[in-house]
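# Secondary and tertiary structure notes
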Amino acid sequence: MTTAACFIIASRNDIPIYEAEVGSAAKREDAAQLPQFILQAALDIVQDLAWTTSAMILKTIDKFNDLVVSVYVTDDHTRFMLLHDSRSDDGIKSFFQEVHELYIKSLLNPLYLPGSRITSSHFDTKVGALARKYL
Amino acid sequence: MVDPANTPLGKMLLEEITPVVMVLCTPLVEESCLKNGLSFVQMLSPFCDFTNIDVPVRTASDQPYRLHKFKIRLFYASDIRQPNLEVAKERLKQVITKAGEDDFPEIYSDLPQVNDLLSRHESEILPTWFQFFNKELVRTLSFSDHEAFDHPVACLLVVSSRDEESINRFIDLFNTNKLPSFLSDGAMDPKVLKHYLLVHDNQDGASEKATKILTEMRSTFGPNDCQLLCINSSQDGQTRHKDTPWSTFIKNLMQELSSKHIIPYMEQKIRLLNQQVSSTRKGFRNQFKNLWWRKGKEDALDTTNGPVYTFSSIESQIRVLGDYAFMLRDYELAVSSYRLISTDYKLDKAWKRYAGVQEMIGLTYFMLDQSRKEAEYCMENAFNTYLKLGSAVQQNATRCGLWWIEMLKTRNQIKEAATVYFRICGEDLLHSAVMLEQASFCYLLSKPPMLHKYGFHLVLSGDHYKKCDQIKHAIRTYRNAVSVYRGTTWNLIKDRVHFHIGQWYASLGMYDVAVTHMLEILASSHQSKTSQELFLRDFLHIVQKTGKTFEVLKLQLPVINISSLKVIFEDHRTYASPAAASIKEGVWRSLEEDMIPSLSAKSNWLDVQSKLIPRKYKESNICVAGEANSSNVEPQNDEYKTSTSTGYVWLLSTYMYNAYIYICLYVLMCVYVFTIILSFGRDINSSLVLLEVDFSLEGGETILVQLTVTPRVEGVLTIVGVKWKLSSSVVGLHNFESNSVNKRIAKGRRKPKHSPSADLKFIVIKSLPRLQGFIPSLPEKTYAGDLRHLVLELNNQSKFPVKNLKMKISNPRFLNAGNQSYLNVEFSACLEKKLNVEQSGGHANAKKMLQNVFHFPEDISVQEETSLSWPLWFHAAVPGNISLYITVYYEMENVSSIMKFRTLRMHYNLNFALTFAIYVLPSLDVSFELSPCPSRLEEFLLRMDVVNKTSSECFQIHQLSSVGQQWDVSLLQPVDSILPSQSLFAGQVLSCFFMLKYHRKSSTSEDSNPLFLQSDVRLGPPGNSEALFDVCSSPLADFHDYERLYQGMSCQGNVDFVFITQLWRGNIDSGAPHRPLLFSHHVCHSSLSSFSPISWSVDGPRTIQHNFSASPCGVNLKMTINNSSDAASSVHVKTFDPPSSNSQSIDATASQSGLPLENQAGWFSIPAVNDTKVITTDALAKRITKSVSLESAPQFIWTGSSSTKLKLQPRATAEVPLQICVFAPGIYDLSNYALNWNLAPIEESQGEANKSSGECQGYPYYLTVLQST
């Protein structure tokens, strides 16, 4: 069981379009911004790595203390970034893949402008369910 | 590849890892030196660095090489010990604090731009004190016992010539207890090279004594190891020498010491040690032995330091060998020695020593510039080993890390260097902060720059600085971070950075800067409530401390929805209510189209305007000024421009508004009350006009603010912007114009014609009359069919009369202008039928309906300060919501202005729950069905079905009228029998039958006295004396016309009905509880068109007595044919004799009837209904039929022409004479004839549904012929 802390979808332009607190990690009020910092910093590394590999999932590309960043890069270079504190590769992989499916579904919504914030509550619920299932 | 020695790390190593010379001197020596303000070591140190010493060196190998650069370090013996950690830290802290003061950025300097940083060279970006700090940090580790390169190679004993018994002093110096600890505890060989120096102060006298002592020394310590140094040759201590003759002297002294004593000593030592190591450790046999021996020591104590090695142990000797070789640049020898010993230390679990050796291996490889991977591996290994050992050797880890970083930097592995910096961070927060900051710069300098990492590490570093109370450093790092995160969408990050830097600035008392940062975080709706409260509280706290009032352009709290800003103004268009102002201009335009003088009115008006107004304002809007000195007056009759936003709540009273700005303000925060002032500027008198509105916003609330401007004088009025005050000290400012201009530029000037800023500029013209309109007592809720009398009140409060009033109502079906005479009449009585009233409404109505514009009579004008009332009729035609737009046009009298006319626009949007909402509920559902009376010409049976669809109302039926004076309506049976109470209760259904008769007006126009025309049927109780309502006069007729228009296509032969009921209980609208409400339901176009357009009737005698013995009987009949269609038709009447008697059977007659079969379901006529001999008919007929069939010959024949053709004009009647000849008495059915008719097609108007031709069989007509006696 991973205790994941934070899941963020960043658009191609490094803009966060979806954020969720997933997993059971205890949330600290004074460090609420830390996941954002770590994940945003990891973008630099994703930037480099994404072009060197054909794999979509980039496991454990960055870490900060005991927190690890895993990233899933879609075809349009949308980044699914998960901050978690231990590794369970299979679960994370499945999680990313299913979220990708969800993301594609929301892309198919003609009213959704790609690269804009995902505000669908349905998406939110689904991601929450997937997080409980796999992480 | 650059020479490793020239890299920063190489330079550092060549500086730091050099032979140490221990200095022991007497106090008198120091005293002499201090005359120059220098200590002895300080005096000599500058001469210890030799750039080109050029000494041949031969170490272990036979091949000598030349040493060029060389350096020795001089230390007092008392300094040769491990520095106190606390003292060292304190010193480092001072270094940092000083750097913080020096580097602290100017308050008002701009924030650094990231791109700017990137374009600059590394050396410009990196704070210079980093290097100094790193060097100091490395030095805190000097003289550790496990590393031999800090162990003194030589000892310099210095005695002054003033010292008594100089020789003894030399001996005493070395024997004191001041020697470094590792000399005494055996970590180092106490037998070091000694050199003796006699210092002579020339001020103490001539040097003879010194020379004497020197000779003595030479004889005691050996001739080569003694030197004389004369200082202070200047007699008075004042003379300044351009050249420094003593410098060469000291330089020579030191060079001689280095090249003739230290280096040869080291060479010799290396050779000696190498020999020992070779004999004991090199070769297979020795290695094996060593391993065997080490294994036996496994039970040794497993302490962190491992076993203690004395200087005589082989391990220490190898280490010394390596270090000496390193110092003499024999890196090959050094690396082989280090490698040899590293396995030993590892086996002995002497981890600290192991790590130290690994560190040296890495450095040596680096200096050799070979096997880079190996070098890095060794460094990492050393680093990790140190880290494992915990905080005790944190300093070692730091030093190792710093060297490793330098190595990585040299190889351009800057990213890796950054991670090492990150790993260096230990428990010491201050050091960590510096390391993190250095790491951040590594990310910035890496290619490509990793800005996110840069920012993140800056923030981390800043936090660490903050924890060590280095606020200035913290601010500096955060400032850089702000430049990275500027405009970021990662909102938590942005909040964090701005909040903290704001707080820190505030703690330094720099409130102005603090406020600018705090402003950034005010609109943080994503934060939790506690965070928001914290932000706001801190912000206000800081603002309070400044003691100033801030005017901020980008105050984010509350959020102003600028896109909702709308300016509404009145020029020639005036509005009765803001609701009317919010209606789309297009709606009004189309309504006013044919009312405003000409279609080009706008352009004409503009033409006029351009003549009167300066050209530069041509595109501006016009508004009308209030009177100049009316400032004490209520602003009602001043003139206006208005601004509004879409979607609003209308709060003010209708007449009080002048010009409005509606601004949608909403707050995402949770707390606090705001005072908001919205301001207008106007350049009349170039002064600002401030309008103030006080309101408070709760968290998450959205309100709409509306502001009114009343211009008092002519000129130009510009709406500048809006200001609002947050908690009495912060003023937000929004400039509308600049915003618009920006938008325009962004659009690329595609619409250069119309600049948005012009929307905010108004030309104020002289005061003009302005009508105000109001319809009191417009019902809010009513039932369909409701007919009411309303009054439009027009109010002119200006000093000028207005004339030429016209009015147009968007939906005349519901609302209609009445005649002035109806103004004061009593309602419902005025509708009653009066005697001798001219029925002349028809033509005028048609005209009105076409134009839809109601012209007030010419002589009507609204005089100054009076009001005009005008009757209106309201009829709730259909259920549902009604939107009514009323626009009143008027012209100004005696006013010379660019504006000749104005319009007043009133709107009652009945969808809204506004004051004048009208919601029409369904009431009665009335339908009619018509069936023709076959045997009668133009008579119909009418069935009326009424359903009361209300839930509680009880309607009293009053009257049914047919419209158009062409139809007589009569009751088939008295109402009492159907509906005794004459009241229709909720849900009740009523069916009622009437006889409808066409009243031939054209032919009998003279007797058509309306009194005799039964076009109305009173349905009330028989004794009711109430008058009937006149459906032929206004307003019922008017509304009926509209109903006709709306209820469908008009075609010929249709009948319209008006069904009038009354509602006695005034519980819907409390306006008139004692008077009945009148409801009229109009049903139009009850169609007759499904019937044949041709109808006829045969008239003639029914019973004839004839003496058949004399002659056959000839009977004359008359057929009247009516064409009820609008087309001319040709009719062909054919008579034919019955071919056989069977065809005359009465049974067959039914099927031959002119009635279509489908209509038989309804009502059809029983033949000869008024015949008195009905009862006998059947019996007679049977008998006759029987007789006819027996005789098998026709009993009668048609005489005269067997076929008659005639043309019938539209709506005409013709008579055709028919004759039969009867041969025998009997009852005859004269139905054996047929009518063929053909309608001449009328172009366009003829509906397709109508039949254009047809054939009708004759109706049964029974003729009884009796034998006369």
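As the structure is a prediction and not an experimental result, all values here were calculated from the model.

### Topic: the overall build of chain A
When helices and strands are tallied, chain A shows three helices and five strands. Going from the N terminus to the C terminus, chain A shows its helices and strands as β-β-α-β-β-β-α-α. Classification of the 135 residues of chain A by burial places 51% in the buried group. Put simply, 55% of the contacts in chain A that link residues at least 6 apart link residues at least 24 apart. When the accessible surface of chain A is totalled, it reaches about 6,700 Å², and 52% of it is carbon and sulfur.

### A short note on the confidence of the model for chain B
Residues and elements named next belong to chain B. On average, chain B scores 69 in pLDDT, and the residues at 70 or more come to 63%. The secondary structure element of chain B with the lowest average pLDDT is helix α32 (residues 1146-1152), at 38, and the one with the highest is helix α20 (residues 451-467), at 87. Of the regions scoring below 50 in pLDDT, residues 738-758 engages in 13 contacts with residues more than four places distant in sequence or in other chains. In the predicted structure, residues 1140-1192 sits below a pLDDT of 50 and forms 42 contacts with residues beyond four places in sequence or in another chain. Interface scoring of the predicted complex returns ipTM 0.92; its pTM is 0.62.

### Points about the packing of aromatic side chains
Throughout the structure, instances matching the rule amount to 19 aromatic pairs over all chains. Each ring, one from Phe7(A) and one from Phe96(A), has its centre 6.5 Å from the other, and the planes form 40 degrees; the classification is tilted. Placement of Phe7(A) in strand β1 (residues 4-10) and of Phe96(A) in helix α2 (residues 89-108) is noted, with a sequence separation of 89 residues between them. When its relative accessible area of 0% is taken as the criterion, Phe7(A) is described as buried. Between Tyr478(B) and Trp504(B) the ring centres are 4.5 Å apart and the planes differ by 75 degrees, which places this aromatic pair in the edge-to-face class. Taken as a pair, Tyr478(B) in helix α21 (residues 471-485) and Trp504(B) in helix α22 (residues 491-507) lie far apart in primary sequence, 26 residues in all. Take Tyr478(B): its relative accessible area is 0%, and that puts it in the buried class.

### What to know about the interface of chain A and chain B
One widely used convention gives an interface's size as the accessible area the parts lose upon coming together. If you look at the interface, chain A gives 25 residues, while chain B gives 22 residues. Buried surface at the junction of chain A and chain B, summed over both partners, amounts to about 1,900 Å²; 62% is from carbon and sulfur atoms. Of all residues in chain A, Phe37(A), Gln40(A) and Asp44(A) give up the largest surface area on contact with chain B, accounting jointly for 34% of the area buried on that side. Scanning the region where chain A abuts chain B turns up two salt bridges.

### Some details on the sheet that holds strand β51 (residues 1253-1257) of chain B
Residue and element names in this part refer to chain B. Taken in spatial order, the four strands line up as β47-β45-β50-β51 in an open sheet, and their pairing is antiparallel. Each having just a single partner strand, β47 (1203-1208) and β51 make up the two edges of the open sheet. In this sheet, neighbouring strand axes are inclined to one another by 15 degrees on average, regardless of whether the strands run parallel or antiparallel. In terms of strand pairing, strand β45 (residues 1129-1135) meets strand β50 (residues 1233-1239) through seven bridges, oriented antiparallel. Note that in β50 the partner of histidine 1132 across the bridge is asparagine 1236.

### Section: the sheet that holds strand β34 (residues 939-948) of chain B
Residues and elements named next belong to chain B. An order of β33-β34-β38-β36 is seen for the four strands of this open sheet, with the pairing classed as antiparallel. With one partner strand each, in any of the chains shown, β33 (924-932) and β36 (967-971) form the two edges of the open sheet. Geometrically, the sheet is characterised by an average inter-axis angle of 30 degrees between neighbouring strands, direction not taken into account. Taken together, the nine bridges between β34 and strand β38 (residues 989-998) define a ladder with antiparallel strand orientation. Residue pairing in the sheet places methionine 944 in a bridge with cysteine 992 of β38.

### A short note on the pairing of strand β24 (residues 786-796) of chain B
Residue and element names in this part refer to chain B. The buried fraction of β24 is high, at eight of eleven residues. In this sheet, β24 lies alongside strand β22 (residues 771-774) in antiparallel orientation, the contact comprising four bridges. Looking across to β24, one finds that glycine 773 is bridged to leucine 794.

### Thoughts on the packing of helix α4 (residues 85-103) of chain B against α21(B)
All names here are of chain B. Two numbers describe how α4 lies on α21: the axes approach to 8 Å, and their chain directions differ by 55 degrees. On the basis of the axis angle, α4 is oblique to α21. Seen from above, α4 lies across α21 with left-handed handedness. Residues Ile96, Ala99, Gly100, Glu101 and Asp103 of α4 form the contact with α21, whose own contacting residues are Lys472, His473 and Arg476. In the contact of α4 with α21, the residues fall into two nonpolar, two polar and four charged.

### Thoughts on the packing of α4(B) against helix α19 (residues 429-445) of chain B
All names here are of chain B. Put simply, α4 and α19 touch, their axes get as near as 10 Å, and they point 45 degrees apart. The pairing of α4 with α19 is recorded here as oblique in orientation. In the packing of α4 onto α19, the handedness of the crossing is left-handed. Only Leu430, His431 and Val434 of α19 make contact with α4, whose side of the interface consists of Lys89, Leu92, Lys93 and Ile96.

### A closer look at the pattern of salt bridges
Residue and element names in this part refer to chain B. One pass over the structure, following the stated rule, counts 13 salt bridges over all chains. Note that arginine 319 and aspartate 323 form a salt bridge whose closest N and O atoms lie 3.0 Å from each other. In this pair, arginine 319 and aspartate 323 are both assigned in helix α13 (residues 314-327), four residues apart and thus about one turn of the helix distant. Residues arginine 319 and aspartate 323 agree in their burial class; the two are buried. Of the charged contacts, one joins arginine 943 and aspartate 945 as a salt bridge, the two residues approaching to 3.3 Å between their closest N and O atoms. Relative accessible area serves as the criterion here: at 30%, arginine 943 is assigned to the partly exposed category. The exposure class assigned to aspartate 945 is buried, which follows from its relative accessible area of 17%.

### Here we look at the nonpolar core
Residues and elements named next belong to chain B. One finds Phe40, Leu229 and Met254 to be the most contacted residues of the largest nonpolar core, which totals 178 residues. If you count residues domain by domain, this core takes at least three from each of domain 1 (4-236 + 244-262) and domain 2 (273-282 + 305-547). Not counting the four nearest positions on each side in its chain, methionine 254 is found in contact with Leu44, Phe47, Cys48, Phe50, Ile72 and Leu74. Counting residues in each nonpolar core, the second largest holds 35 residues, with Val1133, Phe1196, Leu1208 and Trp1237 among its members.

### Description of helix α16 (residues 372-389) of chain B
Residues and elements named next belong to chain B. Over its 18 residues, α16 extends 26 Å from the first C-alpha to the last, a length consistent with the 26 Å expected when each residue adds 1.5 Å. All buried positions along α16 are accounted for by Ala375, Glu376, Cys378, Met379, Asn381, Ala382, Phe383, Thr385, Tyr386 and Leu389. In this structure, the buried side of α16 is in contact with α15 (351-368), α17 (394-410) and α18 (414-424).

The rules we used
Residues numbered from 1 in each chain as written. Chains lettered and ligands numbered in written order. Predicted model: local features only at pLDDT ≥ 70, side-chain atom pairs only at ≥ 80, totals over all residues. Heavy atoms only, no water. Helix = DSSP H or I, 4+ residues; strand = E, 2+ residues; numbered from the N terminus. Buried < 20%, exposed > 50% of the residue type's maximum accessible area, 1.4 Å probe, protein only. Contact = heavy atoms within 4.5 Å. Areas by Shrake-Rupley, 256 points an atom, 1.4 Å probe, with all protein chains shown as cover. pLDDT = per-residue confidence, 0-100. Phe/Tyr/Trp six-rings, centres within 6.5 Å; stacked < 30°, edge-to-face > 60°. Buried area = accessible area lost by both parts, 1.4 Å probe. Salt bridge = Lys/Arg side-chain N within 4 Å of Asp/Glu carboxyl O. Pairing = 2+ DSSP bridges. Axes fitted to C-alpha atoms, helices over the stretch in contact; angles between N-to-C directions. Parallel < 35°, antiparallel > 145°, perpendicular 65-115°, else oblique. Left-handed = near helix turned anticlockwise from the far one by under 90°. Nonpolar A, V, L, I, M, F, W, Y, C, P; charged D, E, K, R; others polar. Core = buried A, V, L, I, M, F, W, Y, C linked by side-chain atoms within 4.5 Å. Domains from an automatic or database assignment. Expected span 1.5 Å × (residues − 1).

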